[in-house]
There are 2 protein chains.
Amino acid sequence: MASFTQTKRLLRYRMGLIRLKKMGLEKVFSYTLGKEVGVSAELVRKDFSAFGIKGHRRGGYEVDDLLSSLEKIFGKDRIQNVIVVGMGNMGRALSMYKGFREHNMNVVAGFDIDPAKLNKKFHIPVYSMESLGEVIEAFNVSVAVLAVPEVAAQETANQLVSHGISGILNLAPVLLKTPDHVLVNNVNLMVELERLMYHSGVIQ
Amino acid sequence: MASFTQTKRLLRYRMGLIRLKKMGLEKVFSYTLGKEVGVSAELVRKDFSAFGIKGHRRGGYEVDDLLSSLEKIFGKDRIQNVIVVGMGNMGRALSMYKGFREHNMNVVAGFDIDPAKLNKKFHIPVYSMESLGEVIEAFNVSVAVLAVPEVAAQETANQLVSHGISGILNLAPVLLKTPDHVLVNNVNLMVELERLMYHSGVIQ
DNA sequence: TTTTTATTGTGAAATATATAACTATTTTTG
DNA sequence: CAAAAATAGTTATATATTTCACAATAAAAA
Ligand SMILES: NC(=O)c1ccc[n+]([C@@H]2O[C@H](COP(=O)([O-])OP(=O)(O)OC[C@H]3O[C@@H](n4cnc5c(N)ncnc54)[C@H](O)[C@@H]3O)[C@@H](O)[C@H]2O)c1
Ligand SMILES: NC(=O)c1ccc[n+]([C@@H]2O[C@H](COP(=O)([O-])OP(=O)(O)OC[C@H]3O[C@@H](n4cnc5c(N)ncnc54)[C@H](O)[C@@H]3O)[C@@H](O)[C@H]2O)c1
């Protein structure tokens, strides 16, 4: 299977292609797309080649063909259901984000331990943690976004795993211990900001 | 200078060490810390070695020494001021996040183009874009978080650059064109979720 | 005190990732 | 129609990153 980094690029090509298509482009060259997403032309071609995506020599790639190939690779013909656990500042922001829906990811429900956060009339329904199993089954959910405080992250992850979740997008700044069949993708915004400061020369 | 990936690890060591210290640890071994943050023991040692951080043969590393070394490297003895541009769902969540302050990053102000979002009584003051230069200068800000819609991202980034910002944490799913002296760190949460789905075997 | 053990520090090897250089093919031009 | 130009596809090379292997050394045990 593709590497994690390569997958990231392919998904960015897809986003870039959607933009280019909106601007009226019907075909792209490797360097056009590369420039759009910040990747060298050679790497664009290599990535496509690795996935068996063909262009036309001297003619570039058909935008629609590329998009449908990528759509197939990433299962974008179907809608993927997702849940958000922890409906605080971050969880609410994510649950209201329109971008997910536009890319066929559907946040079907939120969960929280705090009774004050439970709300059936919110943008999406927010349930107590007891309903986790039920909702996961009903909506055939296998991926969850974890947005609970650091101290609760591991315990909550355990609950998710025990209810059959196999992918966690973890926003808490802590490493989760999970079984091998569960994949965790950590996004640590503090670290992202801190290293930006360091490398942009703000420090010292 | 260190690579971007290495810096990320060092910052995660720091967070892990803070946790371990809270749990009462006074010294750590490379494999203890490695386990805490998900890095091999060898790499932990190499990273420290690369920054001239010394441990004790057979005695591990002193937690306090490590933390103060890392604090020095990342300028954590001073408070770094940050602004958030785009006070929508994501911008507001970030501006209210306590974690930044706990790690000596201070979100001093928010900015928005929408008059309805302007508010001096919010958790942080929210200004119109006209005040950008003034606030950046007053608080000596060099790093900004960009949380405006995709279509406005490039234009807004240009404004930031023209006011002297040299680091941008970009949350919009688009590549920004900036001069060489400006560093952009892109965090694309959609791509992070999509590739989690792909690699966790949800797709197909 | 000597031996054993545990752990750091680091050079060598392996692996992964990206770039460069080249070939093949198609289109365009003269 | 032949030559030139442009671009995909691919192989070779370079660079970056991680792991392996082990010497050095300090602490603990005998
Ligand atoms: N807000 C941000 O901008 C931001 C930035 C970077 C990282 N993060 C991380 O994202 C996570 C969420 O941050 P936040 O600012 O939204 O926090 P928050 O405190 O606003 O919200 C956390 C929510 O989780 C709920 N919760 C607590 N324990 C729970 C449990 N055991 N089970 C289910 N729900 C539980 C709380 O009731 C609350 O609603 C944290 O780990 C934080 O470190 C947030
Ligand atoms: N909300 C999320 O969970 C989420 C997730 C992933 C990515 N993002 C990205 O983060 C960015 C912000 O998302 P959001 O959900 O907060 O959007 P939002 O629409 O809720 O907020 C955007 C804010 O930016 C302001 N704005 C618009 N144009 C501006 C301009 N030219 N200058 C200054 N301010 C301007 C708007 O008034 C609004 O307040 C988007 O690029 C989005 O794609 C958001």
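Here the residue numbering is sequential within each chain, running from 1 through the sequence in written order. Each chain gets a letter, beginning with A, and each ligand a number, beginning with 1, in the order they are written. Owing to the predicted nature of the model, reporting of local features is limited to residues with pLDDT of at least 70; listing and counting of side-chain atom pairs is limited to 80 or more, with chain, interface and lining totals taken over all residues. Computation of side-chain values covers all heavy atoms of the structure but excludes hydrogens and water.

**Student:** Quick question: what am I supposed to make of the pattern of salt bridges here?
**Tutor:** For side chains bearing opposite charge, pairing can occur when the charged atoms are close. Take a side-chain nitrogen of Lys or Arg and a carboxyl oxygen of Asp or Glu: if they are within 4 Å of each other, that pair is a salt bridge. On inspection of all chains with the given rule, the structure shows 18 salt bridges over all chains. With a shortest N-O distance of 2.8 Å, B:Glu36 and B:Arg19 are connected by a salt bridge. With a gap of 17 residues between them, B:Glu36 in helix α2 (residues 30-37) and B:Arg19 in helix α1 (residues 4-22) connect regions that are remote in the sequence. Each residue's exposure class comes from its accessible area (1.4 Å probe, protein chains only) as a fraction of the maximum for that residue type: buried when under 20%, exposed when over 50%, partly exposed otherwise. Classification of B:Glu36 by relative accessible area gives buried; the value is 17%. In this structure, B:Asp114 engages B:Lys117 in a salt bridge whose closest nitrogen and oxygen atoms are separated by 3.8 Å. Connected through shared salt-bridge partners, A:Lys8, B:Glu192 and B:Arg195 make up one network. A helix here means a DSSP run of H or I that spans at least four residues, while a strand means a run of E at least two residues long, and both kinds are numbered starting from the N terminus.

**Student:** Hey, could you run me through the interface of chain A and chain B in this one?
**Tutor:** How big an interface is tends to be reported as the loss of accessible area on association of its parts. Chain A puts 67 residues into the contact, and the matching count from chain B is 67 residues. Of all residues in chain A, A:Met190, A:Arg195 and A:Tyr198 bury the most surface against chain B, accounting for 11% of the area lost on that side. Taken together, the connections running from chain A to chain B amount to eight salt bridges. Two residues, B:Glu194 and A:Lys76, come together in a salt bridge whose shortest N-O distance is 2.8 Å. As used in this structure description, the phrase polar contact means that two N or O atoms lie within 3.5 Å; if the pair is within protein, one of them must be able to donate a hydrogen and the other to accept it, and residues adjacent in sequence are counted only when both atoms belong to side chains. The interface formed by chain A and chain B holds 15 residue pairs in polar contact (both at pLDDT 80 or more) in total. By residue number, the principal contributor to the side of chain A that touches chain B is helix α9 (residues 189-199) of chain A, which donates eleven residues. Three classes are used: nonpolar for Ala, Val, Leu, Ile, Met, Phe, Trp, Tyr, Cys and Pro, charged for Asp, Glu, Lys and Arg, and polar for all others, with Gly counted as polar. Residue composition of the side of chain A that touches chain B, by class: 37 nonpolar, 17 polar and 13 charged. Residues count as neighbours in contact if any of their non-hydrogen atoms are within 4.5 Å of one another. When two parts are put together, the accessible area they lose, computed with a 1.4 Å probe and summed over both, is reported as buried area.

**Student:** Quick question: what am I supposed to make of the domain arrangement of chain A here?
**Tutor:** Annotation of chain A at the domain level lists domain 1 (4-73) and domain 2 (80-192). Look at where the C-alpha atoms of domain 1 of chain A and domain 2 of chain A centre, and you get two points 31 Å apart. The domain boundaries here were taken from an automatic or database domain assignment.

**Student:** Looking at this structure, I do not really get the relation of the copies chain A and chain B. What am I missing?
**Tutor:** Related by rotation about an axis and a shift along that axis, the two copies of the chain form a pair. Screw-axis analysis of chain A against chain B gives a translation of 0.0 Å along the axis, an RMSD of 0.0 Å, and a rotation angle of 180°. Expressed as a symmetry operation, the mapping of one chain copy onto the other fits a two-fold axis. Most of the interface of chain A is mirrored in chain B: 100% of its interface residues are interface residues there too. Here the copies were fitted onto each other by least squares, based on C-alpha atoms from residues at pLDDT of at least 70 in both.

**Student:** Is there a simple way to explain the sheet that holds strand β8 (residues 183-186) of chain B in this structure?
**Tutor:** Remark on secondary structure: sheet strands pair via backbone hydrogen bonds, oriented parallel or antiparallel. All names here are of chain B. Pairing is parallel in the open sheet, where six strands are placed in the order β5-β4-β3-β6-β7-β8. With partners counted over all chains shown, the strands left at the sheet margins are β5 (126-128) and β8, one partner each. Looking at each pair of strands side by side, their axes are set apart by 25° on average, direction ignored. DSSP-based pairing: two strands are paired if at least 2 bridges between them are found. Strand direction decides the pairing type here: strand β6 (residues 143-146) and strand β7 (residues 167-170), joined by four bridges, are parallel. Paired with Leu146 across the bridge in β7 is Asn170. Note on geometry: axes are lines fitted to C-alpha atoms, helical ones only across the stretch in contact, with angles between N-to-C directions running from 0 to 180 degrees.

**Student:** Any chance you could explain the sheet that holds strand β4 (residues 105-112) of chain A here in plain terms?
**Tutor:** Residue and element names in this part refer to chain A. Spatially, six strands are ordered β5-β4-β3-β6-β7-β8 in an open sheet, and the strand pairing comes out parallel. On the outer flanks of this sheet lie β5 (126-128) and β8 (183-186), each paired with one strand and no other. Across the sheet, the mean angle from the axis of one strand to that of its neighbour is 25°, orientation sign disregarded. Bridging between strand β7 (residues 167-170) and β8 involves four bridges; their strand directions are parallel. When the sheet's bridge partners are listed, Gly167 is paired in β8 with Leu183. Helix α8 (residues 150-162) rests against β3 (80-85), β6 (143-146) and β7 of the sheet, and its axis sits at about 165° to β6.

**Student:** For this particular structure, what's the right way to read the site of ligand 2?
**Tutor:** Nearness is defined per residue: one heavy atom within 4 Å of the molecule or strand is enough. What surrounds ligand 2 is a group of 23 residues, the closest being A:Tyr97, B:Met90, B:Asp112, B:Lys117 and B:Val148. For ligand 2, an oxygen atom lies 3.3 Å from a polar atom in the backbone of A:Ala93. Separating an oxygen atom of ligand 2 from a side-chain N or O atom of B:Asp112 is a distance of 2.5 Å. Isolated, ligand 2 exposes 820 Å² of accessible area, and the fraction of that covered by the protein chains is 86%. Breaking the shell around ligand 2 down by element, the ones donating at least two residues are α5 (89-96) of chain A together with α5 (89-96) and α8 (150-162) of chain B. Grouping the amino acids of the shell around ligand 2 by side-chain chemistry returns 15 nonpolar, four polar and four charged. Accessibility throughout is a Shrake-Rupley quantity obtained with a 1.4 Å probe, and a residue counts as covered only by protein chains that appear here.

**Student:** When you look at the packing of aromatic side chains in this model, what are you seeing that I'm missing?
**Tutor:** To describe a pair of aromatic rings, you give the distance between the ring centres and the angle between the ring planes. Residue and element names in this part refer to chain A. Ring pairs are drawn from Phe, Tyr and Trp, using the six-membered ring of Trp, whenever the two centres fall within 6.5 Å, and their geometry is named by plane angle: stacked under 30 degrees, edge-to-face over 60, tilted for the rest. One pass over the structure, following the stated rule, counts twelve aromatic pairs over all chains. Ring centres 5.3 Å apart and planes at 65° place the aromatic pair Tyr13 and Phe48 in the edge-to-face group. Taken together, the positions of Tyr13 in helix α1 (residues 4-22) and Phe48 in helix α3 (residues 41-50) put the pair 35 residues apart, joining distant regions of the chain. Each member of the pair, Tyr13 as well as Phe48, carries the same accessibility label: buried.

**Student:** Got a minute to help me understand the packing of helix α2 (residues 30-37) of chain A against α3(A) in this structure?
**Tutor:** In a pair of packed helices, the angle between the axes and the distance between the axes together describe the arrangement. Residue and element names in this part refer to chain A. Two numbers describe how α2 lies on α3: the axes approach to 8 Å, and their chain directions differ by 105°. Here α2 lies roughly perpendicular to α3, going by the angle between them. Residues Ser30, Tyr31, Leu33 and Gly34 of α2 touch α3, and the partners they reach there are Ala41, Val44, Arg45 and Phe48. Across the contact of α2 with α3, the residue classes break down as five nonpolar, two polar and one charged. When describing relative orientation, an angle under 35 degrees is termed roughly parallel and one over 145 degrees roughly antiparallel, while 65 to 115 degrees is termed roughly perpendicular and anything else oblique.

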